[in-house]
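# Residue-level structure breakdown
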Amino acid sequence: MKLTIPRPPGAALRRALATVAGLLCAAALVPAVARADNPIVQTIYTADPAPLVYNGRVYLYTGHDEDGSTNYTMREWRVWSSADMVNWTDHGSPLSLASFSWASSNAWAGQAIYRNGKFYWYVPMTNRATGRMAIGVAVSTSPTGPFSDALGHPLVETGEIDPTVFIDDDGQAYLYWGNPNLWYVKLNADMISYSGSPAQIPLTTAGFGTRTGNASRPTLFEEGPWVYKRNGLYYNVFAARCCSEYIAYSTATGPTGPWTFRGTVMPTQGASFTNHPGLVDFNGGSYFFYHNGALPGGSGYTRSVAVEKFSYNADGTIPTINMTTTGAPQIGTLNPYVRQEAETIAWESGVETEVSSEGGMDVGWIENNDYIKVKGVGFGDGAASYSARVASATSGGRIELHLDSVNGTLAGTCTVPGTGGWQTWTTVTCPVSGATGTHDLYLKFVGGSGNLFNVNWWQFTAAGGNTGGGNLLTNPTMESGTSGWSVFGAGTLAANSSVVHGGSQSLLLTGRTASWNGPAQAVTSKLTNGKSYATSVWVRSQSGTPSAKVTLALTANGSTSYVQLTPAATVNASGWTQLTGTATVSWTGTLTGATLYVETAAGTDGLYIDDASLQ
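Residues numbered from 1 in each chain as written. Predicted model: local features only at pLDDT ≥ 70, side-chain atom pairs only at ≥ 80, totals over all residues. Heavy atoms only, no water.

Here Ala306 shows up in strand S21 (residues 304–310). For Ala306 and Val500, which are 194 residues apart along the polypeptide, the C-alpha to C-alpha distance reads 36 Å. Those residues in contact with Ala306 that sit more than four places away from it in its chain are Asn38, Pro39, Ile40, Phe288, Phe289, Tyr290 and Asn292. (Helix = DSSP H or I, 4+ residues; strand = E, 2+ residues; numbered from the N terminus. Contact = heavy atoms within 4.5 Å.)

Scanning the model with the defined rule gives 15 salt bridges in all. Between Asp65 and Arg303 there is a salt bridge; the shortest N-O distance is 2.8 Å. In this pair, Asp65 is assigned in strand S2 (residues 57–65) and Arg303 in the loop between strand S20 (285–292) and S21, connecting sequence segments 238 residues apart. Each member of the pair, Asp65 together with Arg303, is buried. Two residues, Arg211 and Glu222, come together in a salt bridge whose shortest N-O distance is 2.9 Å. Taken together, the residues Arg211 in the loop between helix H2 (205–208) and strand S15 (221–230) and Glu222 in strand S15 connect sequence positions 11 residues apart. Residue classification places Glu222 among the buried residues on the basis of a relative accessible area of 7%. Ionic contacts of the salt-bridge type, sharing partners, join the residues Asp37, Lys373 and Lys375 into one network. (Salt bridge = Lys/Arg side-chain N within 4 Å of Asp/Glu carboxyl O. Buried < 20%, exposed > 50% of the residue type's maximum accessible area, 1.4 Å probe, protein only.)

If you look at the biggest cluster of nonpolar residues, it comprises 39 residues, and the most contacted ones within it are Tyr61, Trp121 and Ile318. Sorting elements by how many residues they give to this core places strand S8 (residues 118–127) first, with 4 residues. Listed in part, the 34 residues of the second largest apolar core include Ala342, Ile345, Val374 and Phe460. (Core = buried A, V, L, I, M, F, W, Y, C linked by side-chain atoms within 4.5 Å.)

Okay, the confidence of the model for the protein chain next. Note that predicted coordinates carrying low pLDDT should not be read in detail. Overall, the predicted model of the protein chain reaches an average pLDDT of 91, with 93% of residues at or above 70. Between residues 1–12, whose pLDDT stays under 50, and residues either more than four places distant or in other chains, the model counts 25 contacts. Scored below 50 in pLDDT, residues 18–35 shows 15 contacts in the model against residues more than four places distant or in partner chains. (pLDDT = per-residue confidence, 0-100.)

Pairing within the open sheet is antiparallel, and its 5 strands lie in the order S35-S36-S44-S38-S42. At either end of the open sheet lies a strand with only one pairing partner, and these are strand S35 (492–496) and strand S42 (577–585). Taken over all neighbouring pairs, the strand axes of this sheet differ in orientation by 30° on average, direction set aside. In this sheet, strand S36 (residues 506–510) lies alongside S35 in antiparallel orientation, the contact comprising 5 bridges. By the bridge assignment for S36, Ala495 is matched with Leu507. (Pairing = 2+ DSSP bridges. Axes fitted to C-alpha atoms, helices over the stretch in contact; angles between N-to-C directions.)

The next point concerns the side chain of Asp605. Assignment of secondary structure puts Asp605 in the loop between strand S43 (591–600) and strand S44 (607–614). Among the polar contacts listed, one links the side chain of Asp605 to the side chain of Arg512, at a separation of 2.7 Å. Side chain to side chain, Asp605 and Thr600 meet in a polar contact 3.2 Å long. What Asp605 contacts, discounting residues up to four positions off in sequence, is Leu509, Arg512, Ser541, Ser543, Pro546 and Thr600. (Polar contact = N/O pair within 3.5 Å; in protein donor to acceptor, adjacent residues only side chain to side chain.)

In this sheet, strand S26 (residues 361–364) lies alongside strand S25 (residues 352–355) in antiparallel orientation, the contact comprising 4 bridges. Note on S26: the bridge partner recorded for Thr353 is Val363. Here S25 folds back onto S26 in antiparallel fashion, the turn holding 5 residues, of which Gly359 has a positive phi close to 105°.

Note on terminology: a disulfide is the covalent bond linking the sulfur atoms of two cysteines. Under the defined criterion, the tally for this structure stands at 2 disulfides. Across the disulfide from Cys414 sits Cys430; the S-S distance is 2.2 Å. When the S-S torsion is -105°, as for the bridge of Cys414 with Cys430, the disulfide is left-handed. Of the two residues, Cys414 sits in strand S30 (residues 409–416) while Cys430 sits in strand S31 (residues 421–431), which places them 16 residues apart along the sequence. With a relative accessible area of 0%, Cys414 lands in the buried category. Overall, Cys430 belongs to the buried group, its relative accessible area being 4%. Taken N- to C-terminal, the disulfide-bonded cysteines of the protein chain are connected 1-2, 3-4. (Disulfide = S-S within 2.5 Å.)

A few words now on the environment of Trp538. Here Trp538 lies in strand S38 (residues 531–541). As a C-alpha pair, Trp538 and Ile609 span 71 residues in sequence and 5.6 Å in three-dimensional space. The residues touching Trp538, leaving out its near neighbours within four places in the chain, are Glu341, Gly359, His501, Trp576, Thr577, Gln578, Tyr608, Ile609, Asp610 and Asp611.

Here it is in structure tokens:
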């Protein structure tokens, strides 16, 4: 039971945040300026950001500084993702020191990359056998894991840290790392081996700037390289001159140099004496990730990841970027009429996240007046009701729906009952009024003393009875049985009430004879040629751990083609896995058929689906 286990390490942080938030709540009683959104994660301390753009989202891989650290006490890595750069979903810890049988300590800065249907995460740790830092590689079929050790031993070991990886235009992959040196290897196509021996890139003052006062380290290069290629130019952005560090960069016309020092990206700022860069282009913008010590209790050992949007200069140089509390602007709006994970957060006060028995993560350790802010929610013509998946081992409490501030306009209140356990889930629904247009949504949690309840997900229903809002699927929650759904290929589809992700029913397909057989829905009349669609389906196998994906079969002018709507991910029988992705759908000629279906690599296993959306 939740009340009998110790409060998790994040408790000190969450209470400190709640104290600060109390002052902000008081300020919210009067007209307020926009809330700060940096750092982007507040539930725990995070460090060493490594962003990856994949399938319409930014996946952010970070380290985790333990509360109260007085050194680099780090035991696991974490994953977050966002489609709008402000609301970040917590995917938990799919990789830790325990994932590597040969590692003893120091889960430090790494980076992940996608290639040939798999995700490879390169991370440094102490090798138990040698006592030196070594670099391992973990692999997964999903950007959110779980990841497993690909080798059972280090990929490379020089006693140095901070791997960065990129794939050049010709397909050659490079792995770089180092402190105090700068090493590289050419990775083979399998991404878990390399050709030749590790080589050093010469650290010249022309290439990496001049450091004064340290004869053993004449250049500014310290650690944390981030290497990438943009418009034919190679960039090496790195942490410079400890301590305190700042971020500098060099460029080259080839992947191994010769490098030319270009100057400062981010000056020495903030409460952390280290910094660590990560840069990506996403949705037409450029973004710079870094860490600081901006949360309560923050320091060089309790850091927090933040992000800024920037524009390259016309000649390709990087401008000076300063730390802000504002962060990046939001891309678009968040759709409240599809299921949103409770752990999708722009800002929070007091809450924690934990692994959910229904799959993914949930929000827990909720106490009176804690809250979650979700930024830029697009209610459109208005919402009629709000539903949330909740659990409580006590007497529950209430979820208040406030607009634009934690004490702003009250649009609705949902009562959460006791359910008999912290993972005993039920769905509550309440009416909503006044939620039109675009607003920041504050989920304010109210009740008695102690822990109140957990929240797994939430969803609004649009006014006029449109339960899906922008969702193009019929019966997306499966609460109307098989209505709107059919079988693509062979099998028997039936409603199921014993294994559900949300609500009271899911769908179960049995009797499959081929991998492409799956639960399906015709969407021919609902598609627009050339438009991008976001897809989400929760999937669970009846047995085994097959790979699953969502596919769209398009028939136009007598020819059928297939669009993969989500990346493949491993599913299992013990919990739900969310298949999610964004893809552009186009065809030539007249569209005569379009069928969305879920398939697995195993052709005869039973398959559950629940809570689907196509928008």
